[in-house]
Amino acid sequence: MPLAVLLRLPVAVARAVLAALRGRLSALCWSLAPFSLSLPGWRRVSAPTPAESAEPRREQEWDAASPTPTSVNYHFTRQCNYKCGFCFHTAKTSFVLPLEEAKRGLAMLKEAGMEKINFSGGEPFLQDRGEFVGKLVQFCKQELKLPSVSIVSNGSLIRERWFQKYGEYLDILAVSCDSFNEDVNVLIGRGQGKKNHVENLHKLRQWCREYAVAFKINSVINRFNVEEDMNEQINALNPVRWKVFQCLLIEGENCGEDALREAEKFVISDEEFEQFLDRHKDVSCLVPESNQKMRDSYLILDEYMRFLNCRNGRKEPSKSILDVGVEAAIKFSGFDEKMFLKRGGKYVWSKADMKLDW
């Protein structure tokens, strides 16, 4: 479309035209990826990585048996509207795969044995106001027929209309909440303006009841909340699972020279974490995860659909499954399948099997 014509269009129409052009350019870039096209702000998924440069390690990984990607955590965006000081998947890029490419990768994972997909970030509801993750949720449940589809979100951007449109396809919504004291949430960075994180948590709990979505809470135990007693609030909210994590340092993400966060001040000892767990041992839905359990027992895909190996205290990426396939990429994941099962990674995760009192 000539520029002169574009300038005469109403603003809303002009924006729509530009958005369409951007979408076409993105699709063109992906179709030409094998020819190493290089454009400003765009990179191939299979760009060389530190993991690929280490020849001895690569040979060792290629010889290893491939684990099954039973449960996968897909961090399709690193962007977030919160600034949690301990975050270990930070906004180092703004890249998000085109929707159809993301669907292609998810279909490959299903073919390789995936039963559960968890969409995370960053904040997954930032992209297209929740439409992007909504379409992926619908695709995974309706087209791929996965037993379990879940989302981890800070909850601040979720609206009831999203549940009305996509709630039937979602098994579990996990909302991050580290404290029931709003002042502590602000200290941590889990807040936005005058919005009350705890009040919003209760609203989301009610919507999950109304739209038959299993409700879960994730909490990161750190220096600012380690002394808190959450028994009463958790029992009142009655989530299907309360996942309690120990604050974890990942070099290049929340500690180290090239990190976007300085999480050292949030770190607690193993003993302090155990004391928190002991204080809440009577909460039936409590699912504790220490640093040792977390580091190797999750299959994590980044925004380029690369598996992230955290065994060495960093996130070392594989090649993208879109370039080399799931079986080749997963050998670099560092995934400990035995620890995954030991920590209870496989549980009743389909809402059809939970027999919940919504």
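Residues numbered from 1 in each chain as written. Predicted model: local features only at pLDDT ≥ 70, side-chain atom pairs only at ≥ 80, totals over all residues. Heavy atoms only, no water.

### Description of the environment of F132
Here is step 1: The topology assignment puts F132 in helix 6 (residues 131-143).
Here is step 2: Judged by its relative accessible area of 5%, F132 is buried.
Here is step 3: For the pair F132 and F76, spaced 56 residues apart in the sequence, the C-alpha separation amounts to 9.9 Å.
Here is step 4: For F132, the contacting residues outside a window of four places in its chain are F76, V96, L97, L99, A102 and Q127. (Helix = DSSP H or I, 4+ residues; strand = E, 2+ residues; numbered from the N terminus. Buried < 20%, exposed > 50% of the residue type's maximum accessible area, 1.4 Å probe, protein only. Contact = heavy atoms within 4.5 Å.)

### Focus on the pattern of salt bridges
Here is step 1: What the rule picks out here adds up to 14 salt bridges.
Here is step 2: For E100, the salt bridge goes to K103, with nearest N and O atoms at 3.7 Å. Remark: K103 and E100 occur in helix 5 (residues 99-111); sequence separation between them is 3 residues, near one turn of the helix.
Here is step 3: Among the residues examined, E100 registers a relative accessible area of 55% and is labelled exposed.
Here is step 4: In this structure, R314 and D258 form a salt bridge, with 3.5 Å as the shortest nitrogen-oxygen distance. Of this pair, R314 sits in the loop between strand 9 (306-309) and strand 10 (316-320) while D258 sits in the loop between strand 6 (241-246) and helix 11 (270-279), placing them 56 residues apart in sequence.
Here is step 5: Of the residues examined, R314 reaches a relative accessible area of 29% and is grouped as partly exposed.
Here is step 6: Taking relative accessible area as the criterion, D258 reaches 40% and is therefore assigned partly exposed. (Salt bridge = Lys/Arg side-chain N within 4 Å of Asp/Glu carboxyl O.)

### Some remarks on the packing of aromatic side chains
Pairs of aromatic rings are described using the distance from one ring centre to the other and the angle between the two planes.
Here is step 1: What the rule picks out here adds up to 15 aromatic pairs.
Here is step 2: With a centroid separation of 5.8 Å and an interplanar angle of 25 degrees, the aromatic rings of F163 and Y211 are classed as stacked. Placement of the pair is F163 in helix 7 (residues 160-166) and Y211 in the loop between helix 9 (197-210) and strand 5 (214-221), with a sequence separation of 48 residues.
Here is step 3: Residue F163 is classed as buried on the basis of its relative accessible area, which comes to 2%.
Here is step 4: Judged by relative accessible area, Y211 falls into the partly exposed class, the value being 22%.
Here is step 5: Aromatic rings pair up to connect F125, W162, F163, Y166, W207 and Y211 into one cluster.
Here is step 6: Above the face of the Y347 ring, R241 is positioned so that its terminal group lies 3.6 Å from the ring centre. (Phe/Tyr/Trp six-rings, centres within 6.5 Å; stacked < 30°, edge-to-face > 60°. Lys NZ or Arg CZ within 6 Å of the ring centre and 35° of its normal.)

### A look at the pairing of strand 9
Here is step 1: Side-chain alternation along strand 9 places R306 and L308 on one buried face and F307 and N309 on a second face that is also buried.
Here is step 2: Of the pairings in the sheet, the one linking strand 9 to strand 10 comprises 3 bridges and is antiparallel in character. Bridging from a neighbouring strand, N309 pairs with E316 of strand 10.
Here is step 3: Here strand 9 folds back onto strand 10 in antiparallel fashion, the turn holding 6 residues, of which G313 has a positive phi close to 80 degrees. (Pairing = 2+ DSSP bridges.)

### Comments concerning the confidence of the model for the protein chain
Here is step 1: On average, residues of the protein chain score 84 in pLDDT, and 81% of them are at 70 or above.
Here is step 2: Across residues 3-7, confidence stays below pLDDT 50; counting only partners more than four residues off in sequence or on other chains, it has 4 contacts.
Here is step 3: Throughout residues 11-63 the model reports pLDDT below 50, and contacts reaching past four residues in sequence, or to other chains, amount to 53 contacts. (pLDDT = per-residue confidence, 0-100.)

### Considering the side chain of N118
Here is step 1: Within the secondary structure, N118 is located in strand 2 (residues 116-120).
Here is step 2: Residue contacts for N118: discarding those within four places in its chain leaves V72, N73, Y74, S150, I151 and V152.

### Topic: the side chain of S333
Here is step 1: Mapped onto the secondary structure, S333 falls in the loop between helix 14 (326-330) and helix 15 (337-342).
Here is step 2: Of the polar contacts made by the side chain of S333, one reaches the backbone oxygen of I330; its length is 2.7 Å. (Polar contact = N/O pair within 3.5 Å; in protein donor to acceptor, adjacent residues only side chain to side chain.)

### Here's the deal with the pairing of strand 1 (residues 71-75)
Here is step 1: A large share of strand 1 lies buried, amounting to 5 of its 5 residues.
Here is step 2: Alternating positions in strand 1 separate into two faces, S71, N73 and H75 on one and V72 and Y74 on the other, with burial throughout.
Here is step 3: Where strand 1 and strand 2 come together, 5 bridges link them in parallel fashion. When the bridges of strand 2 are listed, Y74 appears paired with F119.
Here is step 4: Both strand 1 and strand 8 (residues 300-301) contribute to a ladder of 2 bridges, which runs parallel.

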